[in-house]
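Spelled out, the chains give:
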Amino acid sequence: MKAIIQTQYGKSDVLQYTTQPTPEMNSQQVLVQVEAASINPRDWLIRSGKYQMQFAVPKFPLILGSDACGKIIKVGSGVKNFKIGQEVMVMKNPRDGLGCYAQQVVVNEKSIALKPSNITFEQGAAVPLCALTAWQGFKKKANLSSGQKVLVVGGSGGVGTFAIQIAKALGAEVDAVCGPTSIALMKELGAQDIFNYKQDNFMSELSFYDVVFDTIGRHGFTPYMKVLNKGGTYVSTIPSPQNLIASIKTSIQSIFSQATKKIKMVLVQSNGRDLQEIARLIENGQTTPVIDSVYPLQDASKAHDYSRSFRAKGKIILSMKHD
């Protein structure tokens, strides 16, 4: 199979387009013929050796890639719920071996879900990591319920575009923070009030929220605590020491007072059941993956450089159909 590998940490030029052996699978896994994979900031952090949880990353030669979409071409003897020929979305964490920047990937049965029939393989590849981050942040960290008010910080990114739509689908009223070129997209996705972070006074214009979902972490949690309702939750996708300490502290305080404003971190987990819930939202037309651009697999280094520019609106995809 063709794959993108790296044998050392460094800039995007360490990524090599080569031929690799088909990965070996165990009885609980399926082998997927990958049609498309997605780029996430996690990928270039791992590539450069700067990922917060680098200790969990597989050894060299390393094939990056946390999520993909394709067809099952082989199933392990212990696999119960999937069969050859099904189109699936795949999510793999570093401890699961990554490996999605390739024409074939092995993945545990528990980490996949059927691709909704109303989206393409490229759109399917855009879903797992980012949509699961948003879903798990709202459902498992913030306990979001219908009628609550949410602020999504970094609304135009991969996670942000899903966060706006998923929060709305869960019955929340959603505002967003983004750059000036993304305001129209935010409206299209269903955000009500939209704040341009390039305006110095944007913080003073914010409303009050039950949940602040921060995909950027530029300002930290302190300024957003002022706009959280009592008992509200600030959820960050950034696993910083400050967020971790504040999370433990506010979690203890909340035991004694329901009015405590809580700080939580969401570290995405591969979870086929959660992914199937997201697939239902996509099938119902409540959530649509936003794709910025599609690159052929051999141009992974260019796709990484573009991702690092933070100019993308939605997801950057690697397509295998050019190979």
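What you are looking at is a predicted structure, and each value in this text was computed from that prediction instead of being measured. (Residues numbered from 1 in each chain as written. Predicted model: local features only at pLDDT ≥ 70, side-chain atom pairs only at ≥ 80, totals over all residues. Heavy atoms only, no water.)

As a further point, take the environment of Val14. Positionally, Val14 belongs in the loop between β1 (2-5) and β2 (16-19). Sequence separation between Val14 and Leu114 is 100 residues, and the spatial gap between their C-alpha atoms is 33 Å. Aside from chain neighbours lying at most four places away, what touches Val14 is Ile5, Gln6, Gln8, Tyr9 and Arg47. (Helix = DSSP H or I, 4+ residues; strand = E, 2+ residues; numbered from the N terminus. Contact = heavy atoms within 4.5 Å.)

Right, let's talk about helix α4 (residues 158-169) for a bit. Taking 1.5 Å as the rise per residue, α4 with twelve residues should run 16 Å; its terminal C-alpha atoms sit 17 Å apart, in good agreement. Counting buried positions along α4 gives ten out of twelve residues, so the element sits mostly inside the fold. Among all positions of α4, only Gly158, Val159, Gly160, Thr161, Phe162, Ala163, Ile164, Gln165, Ile166 and Ala167 are buried. Where α4 terminates, the next one or two residues include Gly171, which has phi positive at roughly 95 degrees. (Expected span 1.5 Å × (residues − 1). Buried < 20%, exposed > 50% of the residue type's maximum accessible area, 1.4 Å probe, protein only.)

For helix α7 (residues 241-256), which comprises 16 residues, the first-to-last C-alpha distance of 24 Å matches the rise-based estimate of 22 Å (1.5 Å per residue) to within 8%. Among the residues of α7, Asn243, Ala246, Ser247 and Thr250 are the ones counted as buried. When α7 is viewed along its axis, its buried side chains cluster within an angular range of 110 degrees and face the same direction. Of the exposed residues in α7, the ones pointing more than 90 degrees away from its buried face are Pro241, Ile245, Lys249, Ile255 and Phe256. Check the buried side of α7 and you find it contacts β12 (228-236) and β13 (262-265). (Arc of directions from axis to C-beta.)

In this section: the pattern of salt bridges. Scanning all chains against the criterion turns up six salt bridges. Its salt-bridge partner being Lys140, residue Asp274 comes within 2.6 Å of it at the nearest N-O pair. With Asp274 in helix α8 (residues 272-283) and Lys140 in helix α3 (residues 128-141), this residue pair connects regions lying 134 residues apart in the sequence. The network of salt bridges with common partners includes Lys149, Glu173 and Asp175. (Salt bridge = Lys/Arg side-chain N within 4 Å of Asp/Glu carboxyl O.)

In this structure, Val127, Phe138, Leu144, Val150, Ile164, Ile166 and Met186 are the most contacted members of the largest nonpolar core, which totals 49 residues. The contacts of Val127, once residues within four sequence positions are left out, are Met89, Ile119, Leu132, Phe162, Leu275, Ile278, Ile282 and Pro289. Within the second largest apolar cluster, 38 residues are counted, among which are Val30, Phe82, Leu297 and Met320. (Core = buried A, V, L, I, M, F, W, Y, C linked by side-chain atoms within 4.5 Å.)

This part takes up the sheet that holds strand β11 (residues 209-214). In any sheet, the strands associate via hydrogen bonds between backbone groups, in a parallel or an antiparallel arrangement. As summarised here, the arrangement of the six strands in space is β10-β9-β8-β11-β12-β13, forming an open sheet in which the pairing is parallel. Sheet topology places β10 (194-196) and β13 at the edges, where each strand pairs with a single neighbour. Pairs of neighbouring strands in the sheet enclose a mean axial angle of 15 degrees, with direction left out of account. This element, α3, spans β8 (149-153), β11, β12 and β13 of the sheet and lies at about 145 degrees to β11. Where α7 meets the sheet, its contacts fall on β12 and β13, and the angle it forms with β13 comes to roughly 135 degrees. (Pairing = 2+ DSSP bridges. Axes fitted to C-alpha atoms, helices over the stretch in contact; angles between N-to-C directions.)

So, on to the side chain of Gln136. Following the sequence through the fold, Gln136 ends up in helix α3. Not counting residues within four places of it along the chain, the set of residues in contact with Gln136 comprises Lys141, Val266, Leu267, Val268, Gln269, Asn271 and Asp274.

Before going further, it helps to examine unusual backbone geometry. In this structure, the amide linkage connecting Phe60 to the following residue, Pro61, adopts the cis form with an omega of -5 degrees. Note that Pro61 resides in the loop between α1 (41-48) and β4 (67-75). Here Asn143, not a glycine, exhibits a phi torsion of approximately 50 degrees, which is positive. Examined against the element boundaries, Asn143 turns out to sit in the loop between α3 and β8. Exposure remark for Asn143: the relative accessible area of 56% places this residue in the exposed category. At Phe310, a position not held by glycine, the phi torsion is positive, near 60 degrees. Inspection of the secondary structure assignment puts Phe310 in the loop between α9 (300-308) and β15 (315-319).

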